[in-house]
Amino acid sequence: MIFLWIFGNNVEDALGRGRYLVLYLGSGVAAALSQALSSPADRVPMIGASGAIAGVVGAYLLLYPWAKVHVFLWIVIFFRIVTVPAWILLGLWFAMQLVSGLMRPTGSPGVAFWAHVGGFVSGLILVVLLRPAGLMLLNPPRSQGFAAIHPTAFNGRRTFHRGSVPDTGRPYGDPRGPWG
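Sequence order as written defines residue numbering, which begins from 1 separately in each chain. Local features are withheld for residues below a pLDDT of 70 in this predicted model, meaning they are given only at 70 or higher, and side-chain atom pairs are given and counted only at 80 or more; totals for whole chains, interfaces and linings count all residues. Excluding hydrogens and water, the side-chain figures rest on all heavy atoms present in the structure.

Draft legend 1. Summary view of the pairing of strand E2 (residues 78–85). A strand pair is defined by DSSP finding two or more bridges across the two strands. Helix and strand definitions here come from DSSP, where helices need a minimum of 4 consecutive H or I residues and strands a minimum of 2 consecutive E residues; each element is numbered from the N-terminal end. Looking at chain direction, strand E1 (residues 68–75) and E2 are connected through 8 bridges and run antiparallel. Across the sheet, the residue bridging to Trp-74 is Phe-79, located in E2. Connecting the antiparallel pair E1 and E2 is a turn made up of 2 residues, with Val-76 showing a positive phi of about 55 degrees.

Draft legend 2. Local environment of the packing of helix H1 (residues 2–15) against helix H2 (residues 17–38). Angles shown run from 0 to 180 degrees and are taken between the N-to-C directions of axes, each axis being a line fitted to C-alpha atoms and, for helices, limited to the stretch in contact. Here H1 crosses H2 at 130 degrees, and the two axes come no closer than 7 Å. For the element pair H1 / H2, the angle class is oblique. H1 and H2 meet at a crossing whose hand is right-handed. Between H1 and H2, the contacting residues are Leu-4, Gly-8, Val-11, Glu-12 and Leu-15 on the first element and Arg-17, Arg-19, Tyr-20, Leu-23 and Tyr-24 on the second. In this classification, the charged set is Asp, Glu, Lys and Arg, the nonpolar set is Ala, Val, Leu, Ile, Met, Phe, Trp, Tyr, Cys and Pro, and all remaining amino acids, among them Gly, are polar. Along the lines of polarity and charge, the residues of the contact of H1 with H2 split into 6 nonpolar, 1 polar and 3 charged. Here is the rule for angles: anything less than 35 degrees is roughly parallel, anything more than 145 is roughly antiparallel, 65 through 115 is roughly perpendicular, and the remaining ranges are oblique. Two helices cross in a left-handed way if the nearer one is turned anticlockwise from the farther one by less than a right angle. They cross in a right-handed way if the turn is clockwise. Any two residues whose heavy atoms approach within 4.5 Å are treated as being in contact.

Draft legend 3. Fine view of the nonpolar core. Counting residues in each nonpolar core, the largest one holds 26 residues, and the members touching the most others are Val-11, Leu-23, Tyr-60, Leu-63, Leu-90 and Phe-120. Counting only elements with at least two residues in this core, the list comes to H1, H2, helix H3 (50–63), helix H4 (86–103) and helix H5 (113–130). At 7 residues, H3 tops the list of elements feeding residues into this core. Other than its neighbours up to four places away in sequence, Leu-90 contacts Phe-3, Phe-7, Val-57, Tyr-60 and Leu-61. Among buried residues, those of type Ala, Val, Leu, Ile, Met, Phe, Trp, Tyr and Cys that are joined through side-chain atoms within 4.5 Å constitute a nonpolar core. Only protein chains enter the accessibility calculation, which uses a 1.4 Å probe; a residue is then buried when its area is under 20% of its type maximum, exposed when over 50%, and partly exposed in between.

Draft legend 4. Spotlight on the pattern of salt bridges. Any carboxyl oxygen of Asp or Glu within 4 Å of a side-chain nitrogen of Lys or Arg constitutes a salt bridge here. Taken as a whole, this structure holds 1 salt bridge when the rule is applied. Close ionic contact of Arg-17 with Glu-12 constitutes a salt bridge, the shortest N to O distance being 3.8 Å. Accessibility expressed as a relative area gives 70% for Arg-17, which makes it exposed. Judged by its relative accessible area of 27%, Glu-12 falls in the partly exposed class.

See the structure below:
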């Protein structure tokens, strides 16, 4: 659901509500068919909307491949928030789904990896077919990529390294009052 929250609103803004609904539902149907075709003798029911969300993610990749996405990077006890281009993040996610689907034995219960793969690919195809006239694919970048942000930058204090995050005004809890 966090993928839908992060990427879905931008795709909906680009396509409009009606086309976005067609993309979402079409990706969901394609995802269910992909999973069903990957293991036709499976007796375990498939439940969820992750394949449809994967279609939205595929559409986002074609619309905004150079958009910068904030990623929480955690290595043992150290963590950072890193900004990476969407094509790297979503490309790695797709590769993970594809490899996981290829490595999973047919008919075993668990995550429907082929639904994710099918939904993603259908999202790539459907966004090309459904986009309004004049809507560009592969939009150029609008911000700096691979910037590291110290985690304390998001807590309202000015304890982060200067230059990694632009100043957004006075910090929360400034004693000057509401009229200062």
